[in-house]
Amino acid sequence: MDLDVLKEKWLEQDRRLDVTIRLNRQLLIAAKMNRVRWPLRRFAFLVGLGALLGLIGPVILGQFIYQHWAEPRFVLPAVVLDVWVIANLAASIRQMAMAVQIDYDKPIAVIQKQIESLRVLRIRTTQWALLTGQVVWWTPFLVVALKGFLDVDAYKVFDTAYLLANLAVGLAIIPLAIWVSRKFGDRMGRSPVMPRLMRELAGYNMNAATDFLATLSEFANETRD
């Protein structure tokens, strides 16, 4: 057989082998992608379930506002509490939507970016819920809960100065927490505890998906090389 013909056949076999390897790699990645998809689906389900249960809050608060519409001292804290609950409900729905809309047919780098965006949203939502919650849960919740469940007037049970002091403390915590975060954020970021805390804050299912996706990305890079 002519040497040039032999080389051509050898190159053709090499190209076919390369195509086969790429196809096998893609099929393997697609099969393993379920280990990314299912944790995120669980995450979406749990967040959606929480949002569904969270609908109870606006219903109860709406009824409370309707019943006490002529009493601004009860309506105002109820409205503040209602806005806070609805804002967190909307954030949960947005997280669920982002998790459901992740396209697993995209390249791994794109999926990683989508999951990271979801992680950032969850962490920021949790942070601001905790910060603003300092205002909502100190005084408004106390006033509404006592009146709604026990028919007790918090303004008569507690001194007005006490209620205002609680509200002031809640308001003061917000800028203080922001200042501490900005002042010592770099130091906390260098601590090995903080990344782990942020990962836990982002949720177990999202962490599981992210970790396996990173492993899958390394595998794809190795096989490509």
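Within any chain, residue numbers begin from 1 and follow the written order of that chain's sequence. Thresholds applied to this predicted model are a pLDDT of at least 70 for local features of residues and 80 or more for the giving and counting of side-chain atom pairs; totals over whole chains, interfaces and linings are not thresholded and use all residues. Values reported for side chains reflect all heavy atoms of the structure, with hydrogen atoms and water molecules removed beforehand.

Chemist: Please give an account of the packing of helix α4 (residues 72–100) against helix α6 (residues 140–150) that cites residues and values.
Modeler: Angle between the axes and distance between the axes are the two parameters that describe a pair of packed helices. Working convention: axes come from line fits to C-alpha atoms, limited for helices to the stretch in contact. Angles between N-to-C directions cover 0 to 180 degrees. Segments assigned H or I by DSSP are reported as helices when at least four residues long, segments assigned E as strands when at least two residues long, and all are numbered from the N terminus. Packing of α4 against α6 brings their axes to within 8 Å, and their N-to-C directions diverge by 120°. As judged from the angle between their axes, α4 and α6 are oblique. In this structure, α4 crosses over α6, and the sense of that crossing is left-handed. On α6, the residues that touch Arg-73, Phe-74, Pro-77, Ala-78, Val-80 and Leu-81 of α4 are Pro-140, Phe-141, Val-143, Val-144 and Lys-147. Residue type decides the class: Asp, Glu, Lys and Arg count as charged, Ala, Val, Leu, Ile, Met, Phe, Trp, Tyr, Cys and Pro as nonpolar, and the leftover types, Gly among them, as polar. Per-class residue counts for the contact of α4 with α6 are nine nonpolar, no polar and two charged. Any angle from 65 to 115 degrees is called roughly perpendicular, while one under 35 is roughly parallel, one over 145 is roughly antiparallel, and all others are oblique. Helix crossings get a hand from a simple test, with the near helix turned counterclockwise from the far one by less than a right angle marking a left-handed crossing and a clockwise turn marking a right-handed one. Residues count as neighbours in contact if any of their non-hydrogen atoms are within 4.5 Å of one another.

Chemist: Explain the nonpolar core to me, and be specific about the residues and the numbers.
Modeler: Throughout, nonpolar core names a set of buried Ala, Val, Leu, Ile, Met, Phe, Trp, Tyr and Cys residues whose side chains join them through atoms within 4.5 Å. Burial status follows relative accessibility: with a 1.4 Å probe on protein chains alone, a residue under 20% of its type maximum counts as buried, one over 50% as exposed, and anything between as partly exposed. In this structure, Leu-61, Phe-64, Ala-78, Leu-81, Trp-84 and Val-144 are the most contacted members of the largest nonpolar core, which totals 15 residues. For this core, the leading source of residues is α4, giving six residues. The contact partners of Phe-64, leaving out residues within four places of it in the chain, are Phe-74, Ala-78, Val-144, Lys-147 and Gly-148. With 11 residues, the next largest nonpolar core counts Phe-43, Ile-102, Tyr-104 and Ile-111 among its residues.

Chemist: Account for the environment of Leu-142, naming residues and giving values.
Modeler: Tracing the backbone through its elements, the reader meets Leu-142 in helix α6. Taking the C-alpha atoms as reference points, Leu-142 and Asp-153, separated by 11 residues in sequence, lie 9.9 Å from one another. Once you skip the residues sitting within four places of it in the chain, Leu-142 turns out to touch Phe-158 and Leu-163.

Chemist: Tell me about the pattern of salt bridges, and please be specific about residues and values.
Modeler: In the sections that follow, a salt bridge refers to a side-chain nitrogen of Lys or Arg positioned within 4 Å of a carboxyl oxygen of Asp or Glu. Tallying each qualifying case throughout the model produces two salt bridges. The salt bridge involving Arg-73 is made with Asp-153; its shortest N-O contact spans 2.9 Å. Of the two residues, Arg-73 sits in helix α4 while Asp-153 sits in the loop between α6 and α7 (154–157), which places them 80 residues apart along the sequence. Its relative accessible area of 37% is what places Arg-73 among the partly exposed residues. Note on Asp-153: relative accessible area 10%, which makes it buried. Taking the shortest distance from any N to any O, the salt bridge between Lys-147 and Asp-151 comes out at 3.1 Å. The buried category is assigned to Lys-147, whose relative accessible area is 16%.

Chemist: Describe the side chain of Gln-95, and please don't skip the residues or the numbers.
Modeler: You can see Gln-95 is positioned in helix α4. Assessed through its relative accessible area of 4%, Gln-95 is described here as buried. With near-sequence residues (within four places) excluded, Gln-95 lies in contact with Phe-43, Val-47, Leu-118, Leu-121, Arg-122 and Thr-125.

Treat this as a map of the structure, not an account of what it does.
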